[in-house]
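Coordinate analysis (summary)
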Amino acid sequence: MDNTLQTWLCEQIQTLKDQNLYKPLVVMDSPSGARITVNGKPNVINLSSNNYLGLANHPKLKAAAIAAVEKWGAGAGAVRPIIGTMRLHMELEQKLAAFKHVEATLVFQSGFTANAGVIPTITDGDDAIITDELNHASIIDGVRLSKAARKIYKHNDMNALEDALKATQSAKKRLIITDGVFSMDGDLAPLPDIVGLAERYDAAVMVDDAHGSGVLGGGRGTAYHFGVHDRIDIQLGTLSKAVGVMGGYIAGSANLIDWLVQRARPFLFSTAHPPATAAATIAAIELMETDPSFTERLWDNARYWKEGLQELGFDTGISQTPITPVMIGDEALAQKLQRGLFAEGVLALAIVFPTVGRGQARIRTMPSAMHARADLDDALTAFAKVGKELAII
């Protein structure tokens, strides 16, 4: 096959390689754990997983998934509005609503599709969306699907947010959207300030809490951490990170969920989660509700890890959460650091454009509840060795 499309693809891939932006997939040959076999290399310390609490390979989740396959089968067989809704799906959504202290929830196939489902479904051409400049790509794409006018405000700048609210007062409805935890820097949105402005200017608030779910507020997320969960209209959570399984969900009022069931296109036109996924997620929620030690270990490890990197002389940016970037800047240098760390038995991946801005490359590290102190100490030794070799520290 040789045509204009194939020529263009080859040119684009080569351009990425020339700019140090090309990233091949890494492949695990073991379950997601503190130490993994990756790209055929065993016993590699895993600092790149979103499996914050270590639940992805927990025995209770595996047992629940296996039991669900035996009872309910491998797949749901249809989209949920037709005949794909099993009792397990309803049980999961009820458990999530109780856990989040909201009236109702609706589960989607992913956090990405949840954003693509809710944002254009609750806004139209007479409305305005006001969104943080560093919001996740799924929010950006969800906003693009909406016909609403849009205003992008400077990251976590409340003066800029207020200016945007003043500039959009003619809109019929206004929706402020922010990440709760920003996934590349690990900082938090100032939700109390955002909610205060929203109430003053009669706007609704949506928080994408993918990286706050299971991590902050006793696992209930950033809104609960700040004590403003009852003042936020829409919360997005994920089931794919700290929960350890797969999917995303929207939490809010019963009216919101009822409307999404009727009109959210990713929900209407995607097959329901397999029974094993729903059952494993229920088991994870039950563990998070009854055993705080998962979150406690996560934060103990996160504090130890941050302090260790900072003592070595690395710049960990503005992180307030377990997400711990090692700021590098130059894309080529970040990729050299990734390769050097892997040679020393540490998987910590470089994050480059377009995930972050050009010249803002970093190694994003993710300590978790899975890690023993020895894992973190070994990883710090590797960072020290390679960081000195590359003159980063």
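Anyway, here's the lowdown on the structure attached to this text. Small disclaimer: the values here were computed from a predicted structure and weren't measured.

We now examine the pairing of strand E9 (residues 248–252). The buried count for E9 comes to 5 of 5 residues, which makes it a mostly enclosed element. Residue alternation in E9 divides its side chains into two sets, Gly248, Ile250 and Gly252 and Tyr249 and Ala251, and both sets are buried. The pairing of strand E3 (residues 104–108) with E9 spans 5 bridges and is antiparallel. Paired with Thr105 across the strands is Ala251, a residue of E9. When strand E8 (residues 234–238) meets E9, the two strands line up antiparallel, connected through 5 bridges. Bridging across to E9, Thr238 finds its partner in Gly248.

A few words now on the sheet that holds strand E1 (residues 35–38). Strand order across the open sheet formed by 3 strands is E1-E2-E11, with mixed pairing between neighbours. Either end of the sheet is taken by a strand with one partner, and the two such strands are E1 and strand E11 (346–347). Where E1 meets strand E2 (residues 41–46), 3 bridges bridge the pair, whose relative direction is antiparallel. Of the residues in E2, the one forming a bridge with Ile36 is Val44.

Once that is clear, we can look at the packing of aromatic side chains. Inspection of every chain in the model, using the stated rule, returns 3 aromatic pairs. Between Phe108 and Phe267, the aromatic rings sit 6.2 Å apart at their centres with planes inclined by 65°, giving edge-to-face as the arrangement. Here Phe108, found in strand E3, pairs with Phe267, found in helix H11 (residues 265–268); they are 159 residues apart in sequence, far enough to count as distant. Residue classification places Phe108 among the buried residues on the basis of a relative accessible area of 0%. Classification of Phe267 as buried rests on a relative accessible area of 5%. Plain terms: the ring middles of Trp305 and Phe383 are 5.6 Å apart, the flat faces sit at 80° to each other, and that makes the pair edge-to-face. In this pair, Trp305 sits in helix H13 (residues 293–312) while Phe383 sits in helix H15 (residues 373–389), placing the two residues 78 residues apart along the sequence. Site record: aromatic cluster; members linked through ring pairs are Trp305, Phe314 and Phe383. The side chain of Arg220 reaches across the aromatic face of Tyr224, ending 5.5 Å from its centre.

The omega angle of the peptide bond from Phe353 to Pro354 is 10°, so this bond is cis rather than trans. Checked against the element boundaries, Pro354 lands in the loop between strand E12 (350–351) and strand E13 (361–365). A positive phi is found at Asn20, a non-glycine position, where the angle reads about 60°. Looking at where Asn20 falls in the secondary structure, it is placed in the loop between helix H1 (4–18) and E1. For Asn43, which is not glycine, the phi dihedral falls at a positive 60°. With respect to the helices and strands, the residue Asn43 is situated in strand E2.

This paragraph deals with the pattern of salt bridges. As a working rule, side chains carrying opposite charge can pair if their charged atoms are close by. Within this structure, the stated rule accounts for 11 salt bridges. The residue Asp375 makes a salt bridge to Arg35 at a minimum N-O spacing of 2.6 Å. On the criterion of sequence distance, the pair formed by Asp375 in helix H15 and Arg35 in strand E1 is long-range, its members being 340 residues apart. For Asp375, a relative accessible area of 8% translates into the label buried.

Attention now moves to the sheet that holds E9. If you trace the 7 strands from one edge of the open sheet to the other, you get E3-E9-E8-E7-E6-E4-E5, paired in mixed fashion. Looking at which strands have only one partner, the edges of the open sheet turn out to be E3 and strand E5 (149–153). Strand after strand, the sheet turns through a mean of 20° between neighbouring axes, direction not considered. Relative to E3, helix H4 (residues 87–100) is tilted by about 125°, and along the sheet it contacts E3, E8 and E9.

What follows concerns the nonpolar core. With 39 residues, the main nonpolar core has Tyr52, Leu53 and Leu55 as its most contacted residues. Secondary structure elements with two or more residues in this core: helix H2 (59–72), H4, E9, helix H12 (275–290) and H13. Looking at this core, the element that brings in the most residues is H12, giving 10 residues.

In this section: the pairing of E13. Strand residues, when the strand is regular, have side chains that alternate between the two faces of the sheet. Across the 5 residues that make up E13, a large majority, 5, are buried. Here E13 shows no split at all, with Ala361, Ile363 and Thr365 on one side and Arg362 and Arg364 on the other all buried. Looking at chain direction, strand E10 (residues 324–329) and E13 are connected through 5 bridges and run antiparallel. Directly across from Thr324, in E13, lies its bridge partner Thr365. Inspection of the sheet shows E12 paired to E13 by 2 bridges, in the antiparallel sense. Among the inter-strand pairings, Ala350 is bridged to a residue of E13, identified as Ile363.

Conventions used here
Residues numbered from 1 in each chain as written. Predicted model: local features only at pLDDT ≥ 70, side-chain atom pairs only at ≥ 80, totals over all residues. Heavy atoms only, no water. Buried < 20%, exposed > 50% of the residue type's maximum accessible area, 1.4 Å probe, protein only. Helix = DSSP H or I, 4+ residues; strand = E, 2+ residues; numbered from the N terminus. Pairing = 2+ DSSP bridges. Phe/Tyr/Trp six-rings, centres within 6.5 Å; stacked < 30°, edge-to-face > 60°. Lys NZ or Arg CZ within 6 Å of the ring centre and 35° of its normal. Salt bridge = Lys/Arg side-chain N within 4 Å of Asp/Glu carboxyl O. Axes fitted to C-alpha atoms, helices over the stretch in contact; angles between N-to-C directions. Contact = heavy atoms within 4.5 Å. Core = buried A, V, L, I, M, F, W, Y, C linked by side-chain atoms within 4.5 Å.

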